[in-house]
Structures are given as C-alpha cells and as structure tokens.
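Inside the fold
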Amino acid sequence: VKRPHNFPPGPRGLPLVGYLPFLSSWDPQYPHRALQKMSKVYGPVTGFYLGTSTMISVCSHEAVKEVMLNENLNGRPHSSITLARNFGENLGIMFIMGQFWQEQRRFTMRHLRDLGFGKTSIEDQMMGEVGDLIKDIENKSQSDKDRVVDLKGIFQVSVVNILWAIIAGERFRRDDPKFQELLTANEQVFRAGDPVRGNIPVPAFILKHSRLVREFIGVKSEMTEPIKKFIQSTIDDHQLSNRSVDEARDFIDFYLNEMKKQKAENPYTTFTNNQLVATITDLFGAGAESTSGSIGFAMIHLIRNQEVQRKMQAELDQVCGEYVPTLNHRSSLPYTEAVLMEAQRCSTIAPFVVPHFAVKETKLQGYTIPKGSIVMLNLDAVLMDDEYWKEPEVFRPERHLNEDGTKVIKSDHFYPFGIGKRMCLGDSLAKNTYFLFTAALIKKFRFEPVQNEPLPTLDPINGFTVGYSGFKAVVVPRS
Ligand code: HEM
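Residues numbered from 1 in each chain as written. Predicted model: local features only at pLDDT ≥ 70, side-chain atom pairs only at ≥ 80, totals over all residues.

Observations regarding the overall build of the protein
- Across its full length, the protein holds 16 helices and nine strands.
- What you see for the protein is a C-alpha radius of gyration of 23 Å, in line with the 23 Å of a compact globule of 479 residues.
- Projecting the C-alpha coordinates of the protein onto the three principal axes gives extents of approximately 70 × 55 × 40 Å.
- Per-residue burial for the protein yields a buried fraction of 45% across its 479 residues. (Helix = DSSP H or I, 4+ residues; strand = E, 2+ residues; numbered from the N terminus. Rg over C-alpha atoms; globule rule 2.2 N^0.38 Å. Buried ≥ 20, exposed ≤ 12 C-beta atoms within 10 Å, placed from the backbone.)

Structure below.
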C-alpha cells in the first residue's frame, strides 16, 4: 500500500486488510500493549493501514496532548458498531462531531451541571447510596462464617443510581432483577468490543450477515436493545407527565422541553427523540462501566497493599472521626486522594481513551496526518511511561504527594479524563462518586485477601474500556 507523503513511520501490511492480521503478534492479549511495543520500534507516532483506513497510534505524553488540543483531530470515526447501536445513524455525544456535537454536548453539560454534576447539592443522595452499599456489604459479611464477600459487580447499582436520578429522577432497588439485567447487558457490550478492530468501517450488510465478522470486531449491539427499550419507556413516561421547564426535575424533562421548543421554531433541529435515546445510552454506558471499574480497581490495589490501606484508614480516622467521609473532608485528605490517583494511574479504565478522527489533514509531531485517519491515543502509555514515572508498575501513592505528604502534586502527565474539548463530560460526577464510595468503604471496613486463595488480579479484561475481574475479600467492620 502506497503511503502518503510524510506519513508517520510504521509497519506495512497487505492490500485490503492492511496490517490487521499482524497486530496481535506484538501482544496477543492486550491491544493497548501491542501498540506500545510497536511504538518502541517505530516511535511514539506510528502510522499503518487497518483495512483501508489509515490508523495512527499515539504513545507519548507530548503527542497525546497535542492530539487532544488539536481541533482538526477532535472528530470521531463513524464505525459500524456505533451505527448499529444508534438506529443506523450517528447519534448521541461520544461518536458524533462538528456542529451537531457542539450543540448537543453544550446542552447536555449545562443541564447535567445544573442538576448536580459535581455539586454538593446531590451529596445527600450520594451519601444515601453509599449508606445502602455499606449495609449490603455488612449483611453479606455477617452472613458468611469467614466474612468472605463477593464484590463482583456490587458497585454498579450504586453508581448508576446517582446518574439515573439526575437523568430520569428515579432510583432502583439494589436487588431489582430488571435493573441487574440492564447492567449486565451494558457490561457485555463494553467487554465484547475490540478497541482497535472495532473502528474498522465494515459495510453494514457484511456486519449484518456475517457472525464471524461481528465476533472479530466485537459487536454485541443487540445487547443495547433492552437498554434502548428501557430508556424509551422512561422517556414515554416523562412525555405523559409533560412537565414544563419550570417544573422540570431531571435531564429528560429539560430535553423534552427543548425538543418541543425547537420543533416549533427550527425545521432542522437536532433535538429529536432518537438523539435523546442515544445520548442517554452514551451517558448510561460511559457512566456505569467507568466509575464502578475505577472503584473496583482501587479496591483491588488496596487489598494487595495492606500497608497503604492502613495508612489511608489512619488518615480517614484522624480527619473524619466517627463520620463517613464527605466532600467537605476531601481537601483535608491528601493521602486518600493520592491513593485514588495512583489507582487510576496504574489501572486506567480507558487505556485507549475514545478514538479520535482527523476531520482535516493536519500535522502531528511534524508528521502529516491525512484527513479521515483514525487516531488511537494510548493513555496507558502516558500513565505508565517509565521516563516520567519512576518504577511505573509499583503502586506508590506517595509519588503524588509533596515531601512531607501534606499536599497533592498535580502533574501535567496525569489526565485520566483527557483534556481539551473532547474531555470526559462526566468527570466531576465521576470524581465525586469515586472518592465518596472508595473512601467510605475503606473507613467502614478492613478488606483482606481470602486465605489460601490467589490475590485478586489486576489484569484487566479487554473491551472498549477495560474492566476488573470479579473478586472476593474478607470484609471486617471497623469499630
Ligand atoms: C472514572 C470514571 C471515568 C473516566 C476515567 C472517564 C474517562 C473518559 C475519557 C478518557 C474520555 C475521552 C476523552 C477523549 O476522547 O479525548 C471520556 C469521554 C466521555 N465520558 Fe467519561 N470517564 C469517566 C466517567 C464518566 C461518566 C460518569 C460519564 C457520564 C455520566 C462520562 C461520560 C463521557 C462522555 C459522554 C464522553 C464523550 C465526550 C465527547 O465525546 O464529547 N464519563 N471519558
């Protein structure tokens, strides 16, 4: 395949399929590590063909940052997976671009913020969910003679309940089977996807008729059907209640009002029912998996590092006394903050961020990036870069603290939520949720490894984002 002038260095592939058949030879298990190994040979910006698409793999802090801040690289590829998920159209927020994206993202962010994203106004509600989770774990620990608790999937309900209250004004019972089904379906969609192959633009008819191709790129979009149906029925209920802007109590109410207003004024409006369904599918998907995954990985790190757990408990006891940690305590808990940061650094749940796309020909680290290239940002490479982080594989919260441990150091190499205009839209909610749950659990319980069993693994499970493996722990209430 002839490469464009000044294209980044990289391996050559075969006609039609490009480098696709050889990619996994670099690392058969983890695509993000395969591309990191490739960058050691070709440099931090590597270019190759995947199918007929030009693919740019970006593996250094300087280059990743340059992409995130370059508006010409702020598009998203239109993959067959997202089309299959969203009524055959490009909808939602995560996978759209241009003016449509700007308009929808701005509206969504404004209202989610007003409704409590990152605000203490919803803290009571969050603390209610924290309390329920603590009770659930307490009961499970009490009912086992060795106090062993299975912590698989246990954080998801709590996290989604907070998000769902903002979106739809409702919460679920922890044991509601219908809700559990939705969460399982969501998890399956995320775990099935191949983060690199999933971007190849396979024609819809091939995707529809070939199970082999679907499996190869990890399409389980049929699993989003129950989620979409559930979202639609929630929207229908809101339509019936027909609350005006003054009575609006959640995101769906605000969106329906905007739809009504725009329908009367603007024949080309982008505010439609399907767009609302797709936006909520994005928020539900992005919010449920990522935040509960971050809590899960942090808990595994803390079980594997008992000394760190004890130090965190000592700080929590000293600062919060008998109380469960609140957002007000947060700035007085530098060690706890450093533990949370270190878990996000060692086990980022988005090793590939979300794929970016060149909307125009542009330059990156001096190379020419052709219009239409898919740009894979390797956040894991940034957070594990041994030239910046000393012994990056070692879990060491102190690296985020000043010498006497009283202040958190903000490094410009640490951006688990991305930077620039495509940055995570839920970061403020995610940070608060991640802090309140992890800190409360460590304050209330001691988590220990189960005797005679291997330690819970940190090896991530692949997918569009990566997940943690379910794990068990001995959970002992602290007095
Ligand atoms: C610990 C939890 C989370 C992490 C680590 C995380 C991380 C990220 C990252 C790295 C990106 C991509 C940035 C880029 O493309 O350059 C992203 C995008 C996004 N995130 Fe998050 N996220 C988290 C939680 C959430 C939550 C709770 C929500 C929603 C409620 C959310 C909604 C989104 C959306 C909608 C986008 C796409 C934004 C766009 O394309 O304009 N995320 N997130």
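Examining helix α7 (residues 177–192)
- For α7, which comprises 16 residues, the first-to-last C-alpha distance of 22 Å matches the rise-based estimate of 22 Å (1.5 Å per residue) to within 8%.
- Regarding α7, the residues found buried are Leu182, Leu183, Asn186, Glu187, Val189, Phe190 and Ala192.
- Tucked into the core, α7 has its buried residues touching α6 (156–168), α10 (224–241) and α12 (273–304). (Expected span 1.5 Å × (residues − 1). Contact = placed C-beta atoms within 7 Å.)

Quick word on the site of the ligand
- As a structural note, the neighbourhood of the ligand is formed by 27 residues, with Ala286, Gly287, Gly418, Cys424 and Gly426 the closest of them.
- At the level of secondary structure, the elements contributing two or more residues to the shell around the ligand comprise α12 and α16 (427–444).
- The element best represented in the shell around the ligand is α12, accounting for seven residues.
- Classifying every residue of the shell around the ligand gives 18 nonpolar, six polar and three charged. (Near = placed C-beta within 6 Å. Nonpolar A, V, L, I, M, F, W, Y, C, P; charged D, E, K, R; others polar.)

With respect to the UniProt feature "binding site: heme" (unreviewed entry) in the protein
- According to UniProt, the feature "binding site: heme" (unreviewed entry) maps to Cys424 in the numbering used here.
- Along the chain, Cys424 falls in the loop between α15 (379–383) and α16.
- Setting aside residues no more than four positions away along its own chain, Cys424 makes contact with Phe417 and Gly418. (UniProt positions renumbered as here; feature names shortened; annotations may be inferred.)

Observations concerning the environment of Gly75
- Position of Gly75 relative to the elements: it lies in the loop between α2 (61–69) and α3 (80–85).
- C-beta crowding within 10 Å serves as the criterion here: with 24 such atoms nearby, Gly75 is assigned to the buried category.
- For Gly75 and Val375, which are 300 residues apart along the polypeptide, the C-alpha to C-alpha distance reads 9.4 Å.
- The residues contacting Gly75, other than those within four sequence positions of it, are Met97, His356, Phe357, Ala358 and Val359.

Observations regarding the packing of α10 against helix α11 (residues 251–265)
- Where α10 meets α11, the closest approach of the two axes is 10 Å, and the angle between their N-to-C directions is 65 degrees. In terms of their interaxial angle, α10 and α11 are classed as roughly perpendicular. Considering the relative orientation of α10 and α11, their crossing is right-handed. When α10 is examined against α11, the residues Thr234, Ile235, His238 and Gln239 are found in contact with a partner set consisting of Ile252, Asp253 and Leu256. (Axes fitted to C-alpha atoms, helices over the stretch in contact; angles between N-to-C directions. Parallel < 35°, antiparallel > 145°, perpendicular 65-115°, else oblique. Left-handed = near helix turned anticlockwise from the far one by under 90°.)

Section: the sheet that holds strand β8 (residues 445–448)
- The strand order across the open sheet formed by three strands is β3-β9-β8, and the pairing between neighbours is antiparallel. Looking at strand neighbours, the two that pair on one side only are β3 (148–150) and β8, the edges of this open sheet. Each adjacent strand pair in this sheet contributes to an overall mean axis angle of 40 degrees, direction not counted.
- Bridge count for β8 against strand β9 (residues 472–477) is four bridges, and the pairing is antiparallel. Each bridged residue has a counterpart across the sheet, and for Arg446 the counterpart in β9 is Val476. (Pairing = 2+ DSSP bridges.)

Points about the sheet that holds strand β7 (residues 374–377)
- Here four strands make up an open sheet; going across it, the order is β1-β2-β7-β4 and the pairing mixed. Across the chains shown, the open sheet's two edge strands, defined by having one partner strand only, are β1 (45–50) and β4 (356–357).
- Both β4 and β7 contribute to a ladder of two bridges, which runs antiparallel. Its bridge partner lying in β7, His356 is registered against Val375.

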